[in-house]
Amino acid sequence: MIHATHLLIELHGVDTGLLNDAVRLEAALLHAARAAQCSVLGSVKHQFSPQGASVVVLVAESHLSIHTWPEHSYAAADILTCGTTLPDAGVAALLEALAPARHQVRRLDRG
């Protein structure tokens, strides 16, 4: 039986400059993946025009992703991992990097 944890993270009141910076967002997700003790396989990022970004980090245990709406100071992120990873540590690292005014985390057990 597969057991995975899927964390859905709502981030409100994030600095709009950060939400418009795909490179910094990628660094934040990579830091979160390492904090969660995931095995990073690669990443892809896209900077939208005139604003916003999306980043996905592929890990052996599944993925981490973030999509931003700077015009609302909002980002939606998720961390989906399986095995002996520490997804909550990944959330803590992401919150430290993005410093939202408020956030919400929803947990889904998968598998």
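Above this note sits the structure.
Keep in mind that what you see is a predicted model, and the values were worked out from it rather than measured. (Residues numbered from 1 in each chain as written. Predicted model: local features only at pLDDT ≥ 70, side-chain atom pairs only at ≥ 80, totals over all residues. Heavy atoms only, no water.)

**A closer look at the overall build of the protein chain**
Condition: A run of H or I in DSSP becomes a helix once it reaches four residues, and a run of E becomes a strand once it reaches two; helices and strands are each numbered from the N terminus. The classification of residues rests on relative accessible area computed with a 1.4 Å probe and restricted to protein chains. Under 20% of the type maximum is buried, over 50% is exposed, and intermediate values are partly exposed. Note on contacts: a residue pair is in contact if any heavy atoms of the two residues lie within 4.5 Å.
Each helix and strand in the protein chain was counted, giving 3 helices and 6 strands. Seen in sequence order, the protein chain has helices and strands lined up from the N terminus as β-α-α-β-β-β-β-α-β. By principal-axis analysis of the C-alpha atoms, the protein chain measures approximately 45 × 25 × 20 Å. Relative to its full complement of 111 residues, the protein chain shows a buried share of 43%. Of the contacts formed within the protein chain by residues at least 6 apart in sequence, a portion of 63% connects residues at least 24 apart.

**Details of the nonpolar core**
Going by this rule: The criterion is simple. A nonpolar core is a set of buried Ala, Val, Leu, Ile, Met, Phe, Trp, Tyr and Cys residues joined through side-chain atoms within 4.5 Å.
Residues Leu11, Leu64, Ile66, Leu94 and Leu98 are the most contacted members of the largest nonpolar core, which totals 29 residues. Sorting the residues of this core by element identifies strand E1 (4-12), helix H1 (16-19), helix H2 (22-35), strand E3 (53-59), strand E4 (62-69), strand E5 (74-82) and helix H3 (87-98) as the ones contributing at least two each. Counting residues per element, this core draws most heavily on H2, which supplies 7 residues. Those residues in contact with Leu98 that lie beyond four places of it in its chain are Leu11, Val14, Leu18, Leu25, Ala28 and Ile66.

**So, the pattern of salt bridges**
The condition is simple: For this document, the term salt bridge refers to a Lys or Arg side-chain nitrogen within 4 Å of an Asp or Glu carboxyl oxygen.
Across all of its chains, the model carries 3 salt bridges by this definition. A salt bridge links Lys45 to Glu26; its shortest N-O distance comes to 3.1 Å. Of this pair, Lys45 sits in strand E2 (residues 40-47) while Glu26 sits in helix H2, and the two are 19 residues apart along the sequence. Residue class for Glu26 comes out buried when judged on its relative accessible area of 13%.

**Concerning the environment of Gly83**
Relative to the helices and strands, Gly83 is located in the loop between E5 and H3. Taking the C-alpha atoms as reference, Gly83 lies 7.1 Å from Ala4; in sequence the two are 79 residues apart.

**Considering the side chain of Glu61**
To be explicit about the condition: Within this scheme the basic residues Lys and Arg register as positive and the acidic residues Asp and Glu register as negative, but His and the chain ends are omitted.
Relative to the elements of secondary structure, Glu61 occurs in the loop between E3 and E4. One buried charged residue, Glu61, forms no salt bridge at all, with the nearest opposite charge on Arg34 at 12 Å. Dropping the residues within four chain positions of it, Glu61 is found in contact with Gln37, Cys38, Ser39, Leu80, Thr81, Cys82 and Thr85.

**Focus: the packing of aromatic side chains**
Formally: Only rings of Phe, Tyr and Trp enter the pairing, Trp through its six-membered ring, and a pair is recorded when the two centres are within 6.5 Å. The plane angle decides the type: under 30 degrees is stacked, over 60 is edge-to-face, the rest tilted.
This structure, assessed with the given rule, holds 1 aromatic pair. Between Trp69 and Tyr74 the ring centres are 5.5 Å apart and the planes differ by 35°, which places this aromatic pair in the tilted class. Accessibility expressed as a relative area gives 36% for Trp69, which makes it partly exposed.

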